[in-house]
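Residue-level listing of the chains:
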Amino acid sequence: LSAFCPTGIPFDGGLRCLCWKILLNYLPLEKALWSSLLKKQRDLYSQFLKEMIIQPGIAKANLGVSREDVTLEDHPLNPNPDSRWNTYFKDNEVLLQIDKDVRRLYPDMAFFQRPTDYPCLLILDPQNEFETLRKRVEQTTLKSQTVARNRSGVTNVRSGSPLKTTPNSLSEYEVLPNGCEAHWEVVERILFIYAKLNPGIAYVQGMNEIVGPLYYTFATDPNSEWKEHAEADTFFCFTNLMAEIRDNFIKSLDDSQCGITYKMEKVYSTLKEKDVELYLKLQEQNIKPQFFAFRWLTLLLSQEFLLPDVIRIWDSLFADDNRFDFLLLVCCAMLTLIRDQLLEGDFTLNMRLLQDYPISDVHLILKKAKELQDSK
């Protein structure tokens, strides 16, 4: 599979989708095992939907119907931290943050606002009156709170691109008819279930930028049998990818050997090895790696390029045997390709270059990264 690294994985026939599933350890290499494994995992995901979205939704919908069944133990005002209602309200805080972030995924593309061909029938069955995540967001009176774990750089947008603004009210979004759901709603569900299953990290801003390209790739799979299960397959591939990069999102690990600070410093130590003049210039101007490399590394460059180019970069990153060592070389390549401008520029100009990277040809960047890799 690594042989695809220099040229990218072809999209034709769903080959990229298949390769990503193998590279992210969702599917084994042995084809004979695929159908049974996929069935098992997709059934498991349906179980997650029932337990974490449908059950709480039914409980909420029934509240007004069966008042006599509401005991003190299950009352919404019950202060007990183990109360189901307490959990429900805490989940709402996480859900509101996810909702805010997924609605603005790739605003320059219509894809995430469009209805999916495969809405989740388990949840959207017209026979059911229970609450969906979208209804839950619309009905909640909790004010959206910024997740405290958001750190500098994650939500920076490129100064050259239109700002990702959040409409003032939910009504400003196109409302799809009953029985339909937009692709962003599917992404919301994936992130909400991930947060519920991983309470130690829950949801941190920026995860939406990691799940977006994965879901887009699987939801546009030319093979309709696989495309239909894009949600479940994305969930497990995202979970596996997060297992490898989640330390970047955990603030308490920032300064540990597995944390983001160590990786940012590694970008500079690699640059020092490859281009000492440029390294010294950035040091002299006090341009710290966290000013730009934080976002590059944490979000796997997903905010620096257009989505098709991000997907092409991810072909190479996922195919990397050393798991994201190649990402450090891509970052170095990005720096060396604009070395002349950086050597001439002052602090302000250089910061602008790094925060709004000027080269859009990712093939050139990957070629340079491969040269750096081979020059070891």
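These figures come from a predicted structure and were not determined experimentally.

1. A word on the overall build of the chain
Across its full length, the chain holds 17 helices and zero strands. Classification of the 376 residues of the chain by burial places 49% in the buried group. Across the chain, the fraction of contacts at a sequence separation of at least 24, relative to all contacts at a separation of at least 6, is 75%. Per element, the accessible surface of the chain, about 18,200 Å² overall, is 52% carbon and sulfur.

2. Topic: the confidence of the model for the chain
Across the chain, the average pLDDT comes to 83, with 78% of residues at or above 70. Ignoring residues within four places in sequence, the model shows residues 65-73, a span with pLDDT below 50, making six contacts including any to other chains. Scored below 50 in pLDDT, residues 141-172 shows 63 contacts in the model against residues more than four places distant or in partner chains.

3. Thoughts on the packing of aromatic side chains
This structure, assessed with the given rule, holds 19 aromatic pairs. The interplanar angle of 45 degrees and the centroid separation of 6.3 Å between the aromatic rings of F111 and Y215 together place this pair among those described as tilted. Here F111, found in the loop between α3 (84-102) and α4 (121-124), pairs with Y215, found in helix α7 (residues 207-219); they are 104 residues apart in sequence, far enough to count as distant. Their ring planes at 50 degrees and their centres at 5.6 Å tell us that W314 and F318 sit as a pair that is tilted. One end of the pair is W314 and the other is F318, both in helix α13 (residues 307-318) and four residues apart, which spans about a single turn. Exposure class is identical for W314 and F318. Each is buried. Of the aromatic side chains, those joined through ring pairs into one cluster are Y268, Y279, F292, W296, F305 and Y357. Its end group placed over the ring of F218, K21 keeps NZ or CZ at 4.5 Å from the ring centre.

4. Things to note about the pattern of salt bridges
For the structure on display, the rule yields 18 salt bridges. Across the salt bridge formed by D233 and K21, the nearest N and O atoms sit 3.5 Å from each other. Of this pair, D233 sits in helix α9 (residues 230-245) while K21 sits in helix α1 (residues 15-23), and the two are 212 residues apart along the sequence. The residues D233 and K21 share a single accessibility class, namely buried. Residue R339 pairs with E277 through a salt bridge whose shortest N-O separation is 3.1 Å.

5. Considering the packing of helix α10 (residues 260-274) against helix α11 (residues 276-284)
Running from amino to carboxyl end, α10 crosses α11 at an angle of 135 degrees, the nearest separation of the two axes being 6 Å. Judged by the angle between their axes, α10 and α11 are oblique. Along its contact with α10, which presents Y268, L271, K272 and K274, the element α11 presents V276, L278, Y279, L282 and Q283. For the contact of α10 with α11, a count of residues per class yields six nonpolar, one polar and two charged.

6. Details of the side chain of Q285
Structurally, Q285 is set in the loop between α11 and α12 (293-298). Taking the relative accessible area as the measure of exposure, Q285 reaches 14% and is therefore buried.

7. Re the packing of α1 against α13
Between α1 and α13, whose axes approach to 10 Å, the crossing angle comes to 40 degrees. Classed by the angle they form, the pair α1 and α13 counts as oblique. Of the two elements, α1 crosses α13, and the hand of that crossing is left-handed. Contacts between α1 and α13 involve R16, W20 and L23 on the former and, on the latter, I311, R312, W314, D315 and F318. A class-by-class count of the residues in the contact of α1 with α13 yields five nonpolar, no polar and three charged.

8. Quick look at the nonpolar core
Soluble globular proteins tend to bury their nonpolar side chains together. M207, F238, W314 and F318 are the most contacted members of the largest nonpolar core, which totals 114 residues. A total of ten residues in this core trace back to one element, the largest contributor, which is helix α14 (residues 325-336). Each of domain 1 (12-66 + 80-140 + 176-245) and domain 2 (251-375) gives at least three residues to this core. Excluding residues that lie within four positions of it along the chain, M207 makes contacts with L191, Y194, I201, A202, F238, M242 and F249.

9. Quick notes on helix α16 (residues 347-355)
Where α16 is concerned, the buried positions are N350, M351, L353 and L354. One side of α16 carries all its buried residues, which in axial view fall inside an arc of 160 degrees. Where α16 is buried, its residues meet α12, α14 and α15 (339-344).

10. Some words on the environment of D12
Take D12: it is sitting in the segment before α1. The exposed category is assigned to D12, whose relative accessible area is 63%. For the pair D12 and P222, spaced 210 residues apart in sequence, the C-alpha to C-alpha distance is 7.5 Å.

11. Topic: the environment of F11
Of note, F11 is situated in the segment before α1. Given a relative accessible area of 33%, F11 falls into the partly exposed group. Taking the C-alpha atoms as reference points, F11 and T217, separated by 206 residues in sequence, lie 9.1 Å from one another. Not counting chain neighbours up to four residues away, the residues in contact with F11 comprise R16, T220 and P222.

What counts, and where the lines are drawn
- Residues numbered from 1 in each chain as written.
- Predicted model: local features only at pLDDT ≥ 70, side-chain atom pairs only at ≥ 80, totals over all residues.
- Heavy atoms only, no water.
- Helix = DSSP H or I, 4+ residues; strand = E, 2+ residues; numbered from the N terminus.
- Buried < 20%, exposed > 50% of the residue type's maximum accessible area, 1.4 Å probe, protein only.
- Contact = heavy atoms within 4.5 Å.
- Areas by Shrake-Rupley, 256 points an atom, 1.4 Å probe, with all protein chains shown as cover.
- pLDDT = per-residue confidence, 0-100.
- Phe/Tyr/Trp six-rings, centres within 6.5 Å; stacked < 30°, edge-to-face > 60°.
- Lys NZ or Arg CZ within 6 Å of the ring centre and 35° of its normal.
- Salt bridge = Lys/Arg side-chain N within 4 Å of Asp/Glu carboxyl O.
- Axes fitted to C-alpha atoms, helices over the stretch in contact; angles between N-to-C directions.
- Parallel < 35°, antiparallel > 145°, perpendicular 65-115°, else oblique.
- Nonpolar A, V, L, I, M, F, W, Y, C, P; charged D, E, K, R; others polar.
- Left-handed = near helix turned anticlockwise from the far one by under 90°.
- Core = buried A, V, L, I, M, F, W, Y, C linked by side-chain atoms within 4.5 Å.
- Domains from an automatic or database assignment.
- Arc of directions from axis to C-beta.

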